[in-house]
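Remarks on the overall topology
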Amino acid sequence: MAGDETTLTVEGLKTHFFTKAGVVKAVDGVSFEVGKGEIMGLVGESGSGKSVTGFSIIGLVDPPGRVVEGRIIHDGRDLVGLDDEQMRSLRGNRIAMIFQDPMMTLNPVLRIETQMVEAVLAHNTVPAAQAREAARDALGQVGIPSPDERLRAYPHQFSGGMRQRVAIAIALLNRPSLIIADEPTTALDVTIQGQILYEAQKLCRETGASMIWITHDLAVVAGIADRISVMYAGRIVEQGTTADIIDQPAHPYTRGLIGSVPSRNTRGDRLFQIPGMTPSLLNLAPGCAFRERCSVADDTCLAEPEPSHPLPGRVLRCHHPVLEVAQ
Amino acid sequence: MIEARSISKRFVKSLDLAARIAGRLGASVREETVHALDGVSITVERGEVVGLVGESGCGKSTFGRIVAGIMEPTEGTILYRGRDLTTLQGAEAREAALEVQMIFQDPFASLNPRMRVENIIGEAPLLHGIVAKQERDGYVDATMRRVGLDPAFKRRYPHQFSGGQRQRIGIARALAVQPEFLVCDEAVAALDVSIQAQVLNLFMDLRRDLDLTYLFISHDLSVVEHISDRVVIMYLGRVVESAPSGELFDTPNHPYTRALLAGAPKLDARRRVYEPVMGEIPSPLDPPGGCHFHPRCPHAMPRCRHEAPVLRQIASGRHAACHLNDG
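All figures in this text were calculated on a predicted structure; none of them were measured in a lab.

Regarding the sheet that holds strand β1 (residues 6–19) of chain A
Sheet strands pair by backbone hydrogen bonding; their relative direction is either parallel or antiparallel. All names here are of chain A. A sheet is described by the order of its strands in space; here four strands give the open sequence β2-β1-β4-β5, paired in antiparallel fashion. Each of the sheet's edge strands pairs with one partner strand only, and the pair in question is β2 (22–35) and β5 (77–78). Across 10 bridges, the pairing between β1 and β2 is antiparallel. Bridge pairing in β2 places Thr 6 opposite Gly 35.

See below:
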């Protein structure tokens, strides 16, 4: 994002969990930038550390886990090492998070209005009526019909898609500069997912907020993200623009992942399959974590691949990347 | 091979004591009926893979359960090789029940956590006299190998396996009684992309090797497109369209099918602007009159509001239920 302002810079982030069985390096040296108004897709399978990366940024890593190394620079300020009070003033204000299950955000026994007004008043000294107005506008903004009446409703009176909209509206209330969306459409139906993607895209364009869209679904980020980072076993193995990653994936894991997605061109054929399964992060052996499943791995892969920049705008962690010439 | 003739299923929530008393006293309480299925007819030919697609509440899982014999339809008949399953008695009924097996979405919930894998797989064939007691071990080994599991692990419990392996155990359990027809209800929905590809490939191998017929229920259009020969689309308890896979995805007829296809994220459609279908999925408790889709349909006419369109043939092998096809 040369020339553009960056909203968030993550440098060498390491979040480890100190369990009885050993150290789980859930996030192990992750670096990326998110520009203003940019949507960055963070893609990975279960246990790749994509959600923990999100939680680390917003300061929600619970013990036994903690950020052990790295910097998280948001709007020019390092978030690592901020105390609880300082973090609380940022959370829900400058940085907001949307979860897969909107009921994680919503309190089932309070009216939407109460919850939204509370979120405004927690960070602003404004009259309650003004806070209510802000709440109503936010509901309208995410496409909830008759927001005035819906403010009086309880979360259970909304459908799944509508609840997710309310959660997004709450995230937007204080005009955050960064929204972390953790699988926000995974539990939704296709047509409802389309609606939420549409709203998210529109909001980033209108408000200039940056977004980190965490998902396991490559097809979703292909449609919405400007850039994609692919995570595997706690590291970003490949990073680039959406077009580059989808059209010319260079890391064997990214290539395998894209090949595994069923599509219209694959009907009747066998899907490409990555053998084996994701390694346990507990006491992970040194070297490339993907080498056990990789078709081009050799002895050089016993050494940890360092991030390289073989192509403009691309970051790779691989000893044997597949660098095709663009057609 | 299987012919479902105008299957209807209604779930009635009966009134509790308090509601009955309130009703006696003149309150307007009544029994609530969910029309999960409303005259659904689907035929599956031998060796065919039929994909059944729809969003939450469309009745696709209910239909799968009725076909698998787990539930009784309220109305309609299921013909298996021309015989009505409900009229069979004794040994014949048991035999017919074994021919149709079901694979469930959640491999965590569908395996008994207190049984060893060898018993999960070996119990039914032993009970039904498919194998003798002394041959059981070898039979279990062979079945496990067929689905890509190492027989060395047969003494383990389900929690000692990963999600993908557990799904394989579920498949092995279904295959152990030598069925001809498998009902897969969202069988790959809970799996990571790379594991999903492995299981989809397994389904295709099994189809080839064992000459199986599938009813493949899913909300994921790309999975269904990949694996199915024919696709049936359901909306709120009714079939709205059915066509050979290629034709359905190339030239969808029903406005709902078109909306579904447009809304689904795809790898090759990136940085697209989403144009969502408006509106919510109505509650099956109180579906809209006429064509169920009319409140969300961009082409709705006055006629759609009170007259339900019937499923009619629109081309060879293609059926759709839409008034637009009459004009």
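We are not done yet, so read on.
Details of the confidence of the model for chain A
When the pLDDT values of chain A are averaged, the result is 87; 97% of them are 70 or greater. The secondary structure element of chain A with the lowest average pLDDT is helix α7 (residues 190–207) of chain A, at 83, and the one with the highest is strand β9 (residues 227–232) of chain A, at 94.

Some words on the pairing of strand β3 (residues 49–53) of chain B
All names here are of chain B. Counting buried positions over the five residues of β3 gives five, a clear majority of the element. Alternating positions in β3 separate into two faces, Val 49, Gly 51 and Val 53 on one and Val 50 and Leu 52 on the other, with burial throughout. For β3 and strand β8 (residues 213–218), the ladder comprises five bridges, and the chain directions are parallel. Looking at β8, one finds that Val 49 is bridged to Tyr 214. Inspection of the sheet shows β3 paired to strand β9 (residues 230–235) by four bridges, in the parallel sense. Counterpart to Val 53 in the pairing with β9 is Ile 233.

Description of helix α6 (residues 160–172) of chain A
Residues and elements named next belong to chain A. Taking 1.5 Å of rise per residue, 13 residues should cover 18 Å, and α6 covers 19 Å from first to last C-alpha, within 8% of that figure. For α6, the tally of buried residues reaches 11 of 13 residues, placing the bulk of the element in the interior. Buried within α6 we find Gly 161, Met 162, Gln 164, Arg 165, Val 166, Ala 167, Ile 168, Ala 169, Ile 170, Ala 171 and Leu 172. Considering only its buried residues, α6 is in contact with β6 (95–98), α3 (112–123), α4 (128–141), β7 (178–182) and α7.

Looking at the pattern of salt bridges
Residue and element names in this part refer to chain A. One pass over the full model with this rule turns up 38 salt bridges over all chains. A salt bridge links Arg 227 to Glu 38, with the nearest nitrogen and oxygen atoms 2.8 Å apart. Highlighted residues: Arg 227 in strand β9 and Glu 38 in the loop between β2 and β3 (39–43), separated in sequence by 189 residues. The exposure class assigned to Arg 227 is buried, which follows from its relative accessible area of 13%. What you see here is one network of salt bridges that share partners, running through Glu 113, Arg 132, Arg 136, Asp 137, Asp 148 and Arg 152.

Details of the interface of chain A and chain B
On the chain B side, the residues contacting the 47 residues of chain A number 45 residues. Our count for the contact surface shared by chain A and chain B stands at one salt bridge. One salt bridge in this structure joins A:Arg270 and B:Asp205, with 2.5 Å as the shortest N-O distance. Across the chain A-chain B interface, the total number found is nine residue pairs in polar contact (both at pLDDT 80 or more). Of all elements in the fold, only α7, α8 (218–224), α9 (242–247) and α10 (252–260) of chain A reach the threshold of two or more residues within the side of chain A that touches chain B. Ranked by residues supplied to the side of chain A that touches chain B, first place goes to α7(A) with nine residues. Residues belonging to the side of chain A that touches chain B are distributed by class as follows: 22 nonpolar, 16 polar and nine charged.

Structural notes on the layout of surface pockets
Residues and elements named next belong to chain A. In this structure, the second largest pocket spans a volume of roughly 600 Å³. Elements with a contribution of two residues or more to the lining of the second largest pocket: β6, α3 and α6. Per element, the largest residue contribution to the lining of the second largest pocket is five residues, and it comes from α3. Tallied by class, the residues present in the lining of the second largest pocket amount to 13 nonpolar, six polar and three charged. Per-domain counts for the lining of the second largest pocket show at least three residues from each of domain 1 (6–94 + 176–316) and domain 2 (110–173).

About the thresholds
Residues numbered from 1 in each chain as written. Chains lettered and ligands numbered in written order. Predicted model: local features only at pLDDT ≥ 70, side-chain atom pairs only at ≥ 80, totals over all residues. Heavy atoms only, no water. Pairing = 2+ DSSP bridges. Helix = DSSP H or I, 4+ residues; strand = E, 2+ residues; numbered from the N terminus. pLDDT = per-residue confidence, 0-100. Buried < 20%, exposed > 50% of the residue type's maximum accessible area, 1.4 Å probe, protein only. Expected span 1.5 Å × (residues − 1). Contact = heavy atoms within 4.5 Å. Salt bridge = Lys/Arg side-chain N within 4 Å of Asp/Glu carboxyl O. Polar contact = N/O pair within 3.5 Å; in protein donor to acceptor, adjacent residues only side chain to side chain. Nonpolar A, V, L, I, M, F, W, Y, C, P; charged D, E, K, R; others polar. 1 Å grid on protein atoms, 1.4 Å probe; cavity = no way out; pocket = protein on both sides within 12 Å on 5 of 7 lines; lining within 4 Å. Points joined across faces, edges and corners; volume = space filled by probe spheres on them. Domains from an automatic or database assignment.

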